[in-house]
Amino acid sequence: MPRTREQIEQAAREAADYIENLSDDEVEFHPAPDLAALGLALAAVSASEANLAGTVAVARANGRSWSEIGMVLGVSKQAAAKRYPEPVLPR
């Protein structure tokens, strides 16, 4: 099941913290280069999700419908609107 953007961002933060706090003994038991590569890949997913959300927001600001956005993303308009809710602007 796909994770939400917030879940991906949280996982990326937790992975970075875990890798950063490995002790010397743990580095011998857990090879850090492969874990670091996993953390970097997760950070890239997080950054891509943030970029995608920003691009969806721009498309909505430019008047694009959820149907159009969903078609490009390969999901229903309801799924697109649920995954990328519009921010509530302060009054």
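In this report, the structure presented in the accompanying data block is examined. Bear in mind that the values here come from a model prediction, so they are computed numbers and not experimental data.

1. Thoughts on the pattern of salt bridges
Throughout the structure, instances matching the rule amount to three salt bridges. Across the pair Glu49 and Arg83 runs a salt bridge, and its minimum N-O distance is 3.3 Å. Here Glu49 is found in helix H3 (residues 32–61), whereas its partner Arg83 is found in helix H5 (residues 77–83), with 34 residues between them in sequence. On the basis of relative accessibility, which here comes to 13%, the residue Glu49 falls in the buried class.

2. Let's talk about the nonpolar core
Grouped together as the largest cluster of nonpolar side chains are seven residues: Ala53, Val56, Ala59, Trp66, Ile69, Ala80 and Tyr84. Of all the secondary structure elements, the ones that give two or more residues to this core are H3 and helix H4 (66–73). For this core, the element with the highest residue contribution is H3, accounting for three residues. Those residues in contact with Ala59 that sit more than four places away from it in its chain are Arg64 and Ile69.

3. Some thoughts on helix H1 (residues 5–20)
Taking 1.5 Å per residue, 16 residues should reach 22 Å; H1 reaches 23 Å between its end C-alpha atoms and fits that length. Those residues of H1 not exposed but buried are Ile8, Ala11 and Ala12. Projection of H1 onto a plane perpendicular to its axis shows the buried side chains occupying an angular sector of 100°, all on one side.

4. Thoughts on a nonpolar patch on the surface
Judged by side-chain polarity, Leu52, Leu73 and Val75 come together as a nonpolar surface patch covering roughly 190 Å² of accessible area. Here Val75 shows up in the loop between H4 and H5.

Parameters and conventions
Residues numbered from 1 in each chain as written. Predicted model: local features only at pLDDT ≥ 70, side-chain atom pairs only at ≥ 80, totals over all residues. Heavy atoms only, no water. Salt bridge = Lys/Arg side-chain N within 4 Å of Asp/Glu carboxyl O. Helix = DSSP H or I, 4+ residues; strand = E, 2+ residues; numbered from the N terminus. Buried < 20%, exposed > 50% of the residue type's maximum accessible area, 1.4 Å probe, protein only. Core = buried A, V, L, I, M, F, W, Y, C linked by side-chain atoms within 4.5 Å. Contact = heavy atoms within 4.5 Å. Expected span 1.5 Å × (residues − 1). Arc of directions from axis to C-beta. Patch = residues over 30% accessible without salt bridge, like charges linked within 9 Å, V, L, I, M, F, W, Y side chains within 5 Å. Areas by Shrake-Rupley, 256 points an atom, 1.4 Å probe, with all protein chains shown as cover.

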